Structure formats: structure tokens, C-alpha cells
Amino acid sequence: VGAVVLAAWAAVAAAQDVKPTVAPAPLELRRKPEAISKKDAEALSVEFDRLVRAAGARIPTPSEMTAALTALKRQDFASSDEALAQLAQKAQTLYAIHVQLDYPVTGTVVGVGKVVRADGKRMGEEVRLERSREMRTYLQATTETVIAVLEKLDLQRLPSSLPVVV
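Peer 1: Describe in detail the environment of Tyr 138, supporting the description with residues and values.
Peer 2: Relative to the helices and strands, Tyr 138 resides in helix H5 (residues 138-153). The buried category is assigned to Tyr 138, whose relative accessible area is 18%. Separated by 105 residues in the primary sequence, Tyr 138 and Pro 33 place their C-alpha atoms 8.0 Å from one another. What Tyr 138 contacts, discounting residues up to four positions off in sequence, is Pro 33, Ala 35, Ile 36, Tyr 103, Gly 107 and Arg 133.

Peer 1: Summarise the confidence of the model for the protein; cite the residues concerned and give the values.
Peer 2: Confidence along the protein averages 88 in pLDDT terms, with 87% of residues attaining 70 or more. Low pLDDT, under 50, characterises residues 4-16; the stretch is placed with zero contacts to residues that sit more than four places away or in other chains.

Peer 1: An account of the layout of surface pockets is requested, with residue identities and associated values reported.
Peer 2: Its boundaries defined by the atoms lining it, the largest pocket holds a volume of some 240 Å³. Along the walls of the largest pocket sit Pro 24, Ala 25, Pro 26, Leu 27, Ser 45, Val 46, Phe 48, Asp 49, Pro 62, Met 65, Thr 66 and Leu 69, which together make up its complete lining.

Peer 1: Help me get a handle on the packing of helix H2 (residues 38-54) against H5, residues and values and all.
Peer 2: At a minimum axis distance of 11 Å, the contact between H2 and H5 shows a crossing angle of 25°. With respect to H5, the element H2 is oriented roughly parallel. For H2 against H5, the interelement crossing comes out right-handed. Here Asp 40, Leu 44, Glu 47, Phe 48, Leu 51 and Val 52 of H2 lie close against H5, whose contacting residues are Leu 139, Thr 142, Thr 143, Val 146, Ile 147 and Leu 150.

Peer 1: Run through the pairing of strand E4 (residues 108-117), naming residues and quoting values.
Peer 2: Remark: a regular strand shows side chains that alternate across the two faces of the sheet. Counting buried positions along E4 gives 10 out of 10 residues, so the element sits mostly inside the fold. Residues Thr 108, Val 110, Val 112, Lys 114 and Val 116 line one face of E4 and the alternating positions Val 109, Gly 111, Gly 113, Val 115 and Arg 117 line the opposite face, and both faces are buried. Judged from the eight bridges that link them, strand E3 (residues 95-102) and E4 form a sheet pairing that is antiparallel. Opposite Tyr 95, over in E4, you have Arg 117 as the bridge partner. Connecting E3 to the next strand, E4, in antiparallel fashion are five residues, including Gly 107 with a positive phi near 85°.

Peer 1: Can you tell me about the pairing of E3, naming the residues and giving the values?
Peer 2: Counting buried residues along E3, eight of its eight residues qualify, which places the element largely inside the surrounding structure. Because side chains alternate across E3, one face comprises the buried residues Tyr 95, Ile 97, Val 99 and Leu 101, and the other comprises Ala 96, His 98, Gln 100 and Asp 102, equally buried. Examined bridge by bridge, strand E2 (residues 28-30) and E3 share three bridges and lie parallel to one another. Counterpart to Arg 30 in the pairing with E3 is Asp 102.

Peer 1: Report on the nonpolar core, specifying residues and quantitative values.
Peer 2: Core analysis: the largest hydrophobic core is formed by 30 residues, its most contacted members being Phe 48, Ile 97, Val 115, Leu 150 and Leu 155. When residues of this core are traced back to their parent elements, those giving at least two are H2, E3, E4, strand E5 (127-132) and H5. No other element matches H5, which puts seven residues into this core. With residues near it in sequence (within four places) discarded, Phe 48 still touches Pro 24, Ala 25, Leu 27, Ile 97, Val 99, Val 146 and Leu 150. Grouped together as the second largest cluster of nonpolar side chains are 15 residues, Ala 85, Ala 88, Ala 91 and Ala 118 included.

Peer 1: Report on the packing of helix H3 (residues 62-72) against helix H4 (residues 81-91), specifying residues and quantitative values.
Peer 2: It is at 9 Å that the axes of H3 and H4 come closest, and there the two elements cross at 130°. With respect to H4, the element H3 is oriented oblique. Here H3 runs over H4; the crossing is right-handed. Here Met 65, Ala 68, Leu 69, Ala 71 and Leu 72 of H3 come into contact with H4, specifically with Ala 83, Gln 86, Leu 87, Lys 90 and Ala 91.

Peer 1: Which residues make up the packing of aromatic side chains, and what values do they have?
Peer 2: Within this structure, the stated rule accounts for one aromatic pair. Measuring from ring centre to ring centre gives 5.8 Å for Tyr 103 and Tyr 138, while their planes differ by 75°; the resulting arrangement is edge-to-face. Here Tyr 138 lies in helix H5 and Tyr 103 lies in the loop between E3 and E4, a separation of 35 residues in the sequence. Both residues of the pair, Tyr 103 and Tyr 138, count as buried. The lysine or arginine in question, Arg 133, covers the ring of Tyr 138, its NZ or CZ lying 4.1 Å from the ring centre.

Criteria and cut-off values
Residues numbered from 1 in each chain as written. Predicted model: local features only at pLDDT ≥ 70, side-chain atom pairs only at ≥ 80, totals over all residues. Heavy atoms only, no water. Helix = DSSP H or I, 4+ residues; strand = E, 2+ residues; numbered from the N terminus. Buried < 20%, exposed > 50% of the residue type's maximum accessible area, 1.4 Å probe, protein only. Contact = heavy atoms within 4.5 Å. pLDDT = per-residue confidence, 0-100. 1 Å grid on protein atoms, 1.4 Å probe; cavity = no way out; pocket = protein on both sides within 12 Å on 5 of 7 lines; lining within 4 Å. Points joined across faces, edges and corners; volume = space filled by probe spheres on them. Axes fitted to C-alpha atoms, helices over the stretch in contact; angles between N-to-C directions. Parallel < 35°, antiparallel > 145°, perpendicular 65-115°, else oblique. Left-handed = near helix turned anticlockwise from the far one by under 90°. Pairing = 2+ DSSP bridges. Core = buried A, V, L, I, M, F, W, Y, C linked by side-chain atoms within 4.5 Å. Phe/Tyr/Trp six-rings, centres within 6.5 Å; stacked < 30°, edge-to-face > 60°. Lys NZ or Arg CZ within 6 Å of the ring centre and 35° of its normal.

Pasting the structure below:
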């Protein structure tokens, strides 16, 4: 009977949707237009965490992320895969993600994103998208660009554990 229960438990555990653990680096806004207030930028940061979860990842709590960022003592995520790997380690996740948004004078929103595993391996190519703002507000265009970058990074495809080397 014990073997049957154990086998059933293993089958249920295997069938569960295990999401990869991802530490989101703070959303970076470069050349932020005046139309995005400080309050809007803070709301975007909270929304970014929600969007990362919606894209198929488990993320640390806000207090765990604050502790990890404080312990890390660096913020050069755009230029350093090592910084992202260290963030993942400090946050005790398998991956870290960085998304940067830029607002050139052309009226577009440019989103750049990448995912790095805790051992320093970049998971796929860096994603770069440029979206026209058209008739949307900067806030709407920013949110849509973040969603598009996350879709391209395809977080749900990431393995939820390191590969086993035999």
C-alpha cells in the first residue's frame, strides 16, 4: 500500500506545473519622459513583478528581493551578466531577469531584456523590441512593451532545475 501511495504522490508531483524561479532586477527606465511621474514609475515596478509572474515564473517576495539587492551592492544589470547571476544567487533563484526601457526622441518605446542563470549562463539571446507609441500614453506603451519583451523571453520555457550532469 505504501508503494502505491508513494507512486501516486510522485505522479501528482510530476504532473504539477513547476515554474522556474526568477529574480527580477529593478525595471530600468532610461531617458524617462516627464509624462511618466515618479509615482507612475513606482507603479510600473510593481506591475513588472506581476507581469513576470504572469509570464510563467515564480519570483521572490518584495522583502526577499530588497534583501538580495541590498546584499548585492551593485546595479549594473544592463551591462553585466555577472551582476544578474549574482542577483539570482542572492535571491536564491535559478534565474535573474533584466528589462530596460528607453524613450528616444522618435516617440517610440524601446525594450531590451535578458535572462541569466545563477551560474552565469545567458538563457537565449538578448531581446530588443521597438514599439511605436502611436495614440497611447507613455504608460500604456511602456506596459505593452514590457509584455512583448517578456513574451519574447518566454520565461515559461526555462527549466525549473539545473540539468543533471552524469
